[in-house]
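Structure assessment
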Amino acid sequence: METVSENACYGGVQGVYSHTSKACACDMTFGVFLPEEARDGPVPVLWYLSGLTCTHENAMTKAGAQAWAAEQGIALVFPDTSPRGEGVANDEAYDLGQGAGFYVNATQDPWKPHFQMWDYVAEELPTLIAEHFAIDPDRQAITGHSMGGHGALTLAMGLKGRFRSVSAFSPIVNPTASDWGRKQFGAYLGDDESNWAAHDATLLMREHGFDGPVLADTGTKDQFVDLLMPESFAEACAAQRQHATLRMQPGYDHSYFFVSTFMEDHVAFHAEALYA
């Protein structure tokens, strides 16, 4: 692991690091914020997964999460959204290829050699983080925006017992029924739709839910709301009798202005679970 940068931030340190990923067979970059309390021992951690076209940097610089994480004594991890670099498959469309990993393990060419984002976020990066940073592996939570909200929800439900709480900002919650999902799953996972279900938050919620609290915010003026399909997830939560707070925020769109507005709520929500 190499240090790209480290900056003092709200009494702690915001760092950017790179390493050679075995899962993705390329160099990957990620951000970690450590609050002041990490100097004295392991602290809880909140993972933030970003959306389409983003890198680790978007949320790190735009979401305003560090101020609230510092107040709660929580670390933040900002992974990248896909493998990158020369020789890594890509597409001219913004919603496929580099910047659009969808947090799945690709089984189809040309994506399969590098696009193993589920293994990267679920296994490889957590192992690296635990080795190098003062993180408490027993106190983890996860959140994300858009495609990252999809990833946060599916990882939370797919990795039983890993996360104490999950939240999302304008998440893609029913990708098997949306153009933000069907296109990508077909490319990455093939035409057999039975292989897609493990990456659909609505289907996962209907099947077994999440053993912890759920929070999701979506703006009423989100320009992509028809692709996000929040009503499908709400119906699944109701059918599962899931402990969930699902909010439609009046007037807000899909931007980081929306994310930063409600970041304090989300960090406080996770803090309650992480310190329970």
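Structure first, text after, so check above.
Residues numbered from 1 in each chain as written. Predicted model: local features only at pLDDT ≥ 70, side-chain atom pairs only at ≥ 80, totals over all residues. Heavy atoms only, no water.

**So, the pairing of strand β3 (residues 26-34)**
Among the 9 residues of β3, 7 are classified as buried, and the element is accordingly described as predominantly covered. Relative to β3, strand β2 (residues 12-21) is paired through 9 bridges, and the arrangement is antiparallel. From the neighbouring strand, V16 faces β3, where its bridge partner is G31. The antiparallel pairing of β2 with β3 creates a hairpin that spans 4 residues between the two strands, and A25 there sits at a positive phi of about 55°. One ladder, built from 3 bridges, connects β3 with strand β5 (residues 75-78); its direction is antiparallel. Paired with F33 across the two strands is L76, which belongs to β5. (Buried < 20%, exposed > 50% of the residue type's maximum accessible area, 1.4 Å probe, protein only. Helix = DSSP H or I, 4+ residues; strand = E, 2+ residues; numbered from the N terminus. Pairing = 2+ DSSP bridges.)

**What about the packing of helix α2 (residues 65-72) against helix α9 (residues 256-274)?**
Following both chains from N to C, one finds α2 and α9 inclined at 30°, their axes separated by 9 Å at the closest point. The orientation of α2 with respect to α9, classified from their angle, is roughly parallel. Every pair of crossing elements has a handedness; the one defined by α2 and α9 is right-handed. Contacts between α2 and α9 pair A65, W68, A69 and Q72 from the former with M263, E264, V267, A268 and A271 from the latter. (Axes fitted to C-alpha atoms, helices over the stretch in contact; angles between N-to-C directions. Parallel < 35°, antiparallel > 145°, perpendicular 65-115°, else oblique. Left-handed = near helix turned anticlockwise from the far one by under 90°. Contact = heavy atoms within 4.5 Å.)

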